[in-house]
Amino acid sequence: MEAKFVKSSTTLEQCPPANKPEYAFIGRSNVGKSSLINALVGQKGLAKTSQTPGKTQHINHFLVENTWYLVDLPGYGYAKVSQKEREHWEKMIKNYLLKRENLLCTLALIDLRLPPQANDIEFLLWLGQNTLPFVIVFTKADKLSHLQQAKQENLYKEELLQYFETFPRYFVTSAEKKQGLEELKLFLYELNQN
Ligand code: GTP
Ligand code: MG
């Protein structure tokens with residue numbers, strides 16, 4: 001897919017005009033948001049990635065095929081940030097998610113290797129409570145065998161079905177091995193056309 005970087009914003013007001021369909025990538029620091037964006041569009045260095053959590057600090061807009069936006073967001077849950085920074089993150093991101101008019105769907109990324117984490121579940125619940133459309137995108141599946149992947153999926157199902165009536169739509173992906181990317185792309189294209 002043809003994609004280019006458009007803008008890095010620190011507030012909703014600074015974001016590009018809300019005149020194209022938009023998808024936001026959210027999740028814990030280091031979960032692989034920036035890597036997934038790069039893998040989806042097939043451009044390695046487009047969104048900046050790092051082994052060190054906390055790489056993405058702003059709301060970054062990428063324009064895809066001149067028709068829709070992918071948005072790379074800073075991650076949450078990084079232990080080394082101060083309480084003040086954490087509050088700043090929450091305010092910035094939640095304000096963006098609640099008020100961005102062209103936001104079609106949020107992609108909530110979760111590291112498939114980890115057992116369900118309280119902050120991920122809290123965030124999904126927050127999306128649900130605010131009736132924001134979202135899907136779950138499990139990342140780093142290449143680090144697990146197929147059996148382990150299936151076990152982890154079940155673990156999340158059990159956990160989340162305590163809170164949600166039905167399990168949210170989800171994708172199992174690897175940016176590294178390109179697993180699940182075609183399925184995810186198709187989903188984005190289809191939403192775009194509605
Ligand atoms: P922040 O911007 O800090 O919030 O992180 P992020 O969620 O954007 O993560 P990023 O894409 O920078 O990736 C973090 C680390 O995970 C990097 O070292 C990536 O190479 C690695 N990584 C990302 N996706 C995958 C994947 O699918 N498989 C494997 N094995 N590693 C991955
Ligand atoms: Mg990032």
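Being a predicted model, the structure only gives us computed values, none of them experimental. (Residues numbered from 1 in each chain as written. Chains lettered and ligands numbered in written order. Predicted model: local features only at pLDDT ≥ 70, side-chain atom pairs only at ≥ 80, totals over all residues.)

(A) Examining the site of ligand 1 more closely. Taken together, 23 residues surround ligand 1, and among them G32, S35, T49, T56 and G75 come closest. It is helix α1 (residues 33-41) that provides the largest number of residues to the shell around ligand 1, a total of three residues. Among the residues making up the shell around ligand 1, the classes are represented as four nonpolar, 13 polar and six charged. (Near = placed C-beta within 6 Å. Helix = DSSP H or I, 4+ residues; strand = E, 2+ residues; numbered from the N terminus. Nonpolar A, V, L, I, M, F, W, Y, C, P; charged D, E, K, R; others polar.)

(B) Geometry of the confidence of the model for the protein chain. In the predicted model, the protein chain carries a mean pLDDT of 93, and the fraction of residues at 70 or more is 99%. Looking at the elements of the protein chain, mean pLDDT is at its lowest for helix α2 (residues 83-99), recorded as 90, and at its highest for strand β6 (residues 134-139), recorded as 98. Interface confidence for the predicted complex, expressed as ipTM, amounts to 0.98; the pTM equals 0.95. (pLDDT = per-residue confidence, 0-100.)

(C) Up close: α1. With nine of nine residues buried, α1 lies mostly within the body of the structure. Taken together, the buried positions of α1 are K33, S34, S35, L36, I37, N38, A39, L40 and V41. Directly beyond the C-terminal end of α1, a positive phi value near 70 degrees is found at G42. (Buried ≥ 20, exposed ≤ 12 C-beta atoms within 10 Å, placed from the backbone.)

(D) Looking closely at the pairing of strand β3 (residues 59-64). Within β3, five of the six residues are buried, which leaves it mostly tucked inside the rest of the structure. With six bridges connecting them, strand β1 (residues 3-9) and β3 associate as antiparallel partners. Bridge pairing in β3 places K7 opposite H61. For β3 and strand β4 (residues 68-72), the ladder comprises five bridges, and the chain directions are antiparallel. Each bridged residue has a counterpart across the sheet, and for N60 the counterpart in β4 is D72. Taking the residues that link successive antiparallel strands as the turn, the β3-β4 hairpin has three residues, and the phi of E65 there is positive, at about 45 degrees. (Pairing = 2+ DSSP bridges.)

(E) A look at the nonpolar core. F25, I37, A108 and L109 are the most contacted members of the largest nonpolar core, which totals 38 residues. Those elements that provide at least two residues to this core are β2 (22-27), α1, β3, β4, β5 (103-111), α3 (118-129) and β6. Per element, the largest residue contribution to this core is five residues, and it comes from α1. (Core = buried A, V, L, I, M, F, W, Y, C linked by C-beta atoms within 7 Å.)

(F) Examining the environment of R100 more closely. Among the secondary structure elements, R100 is positioned in the loop between α2 and β5. Those residues in contact with R100 that lie beyond four places of it in its chain are L12, C15, A18 and E22. (Contact = placed C-beta atoms within 7 Å.)

(G) Broad picture of the environment of L132. In this fold, L132 is placed in the loop between α3 and β6. In this structure L132 comes out as partly exposed when scored by C-beta crowding, with 17 C-beta atoms within 10 Å. Between the C-alpha atoms of L132 and R28, which are 104 residues apart in sequence, the distance is 18 Å. With residues up to four places along the chain from it excluded, the contact list for L132 reads L97, T106 and L127.

(H) Representation of the sheet that holds β5 within the structure. Taking strand neighbours across the sheet as the criterion, the seven strands line up as β1-β3-β4-β2-β5-β6-β7 in an open arrangement whose pairing is mixed. The sheet terminates laterally at β1 and β7 (170-172), the two strands that pair on one side only. The mean angle between the axes of side-by-side strands here comes to 25 degrees, regardless of whether they run parallel or antiparallel. (Axes fitted to C-alpha atoms, helices over the stretch in contact; angles between N-to-C directions.)

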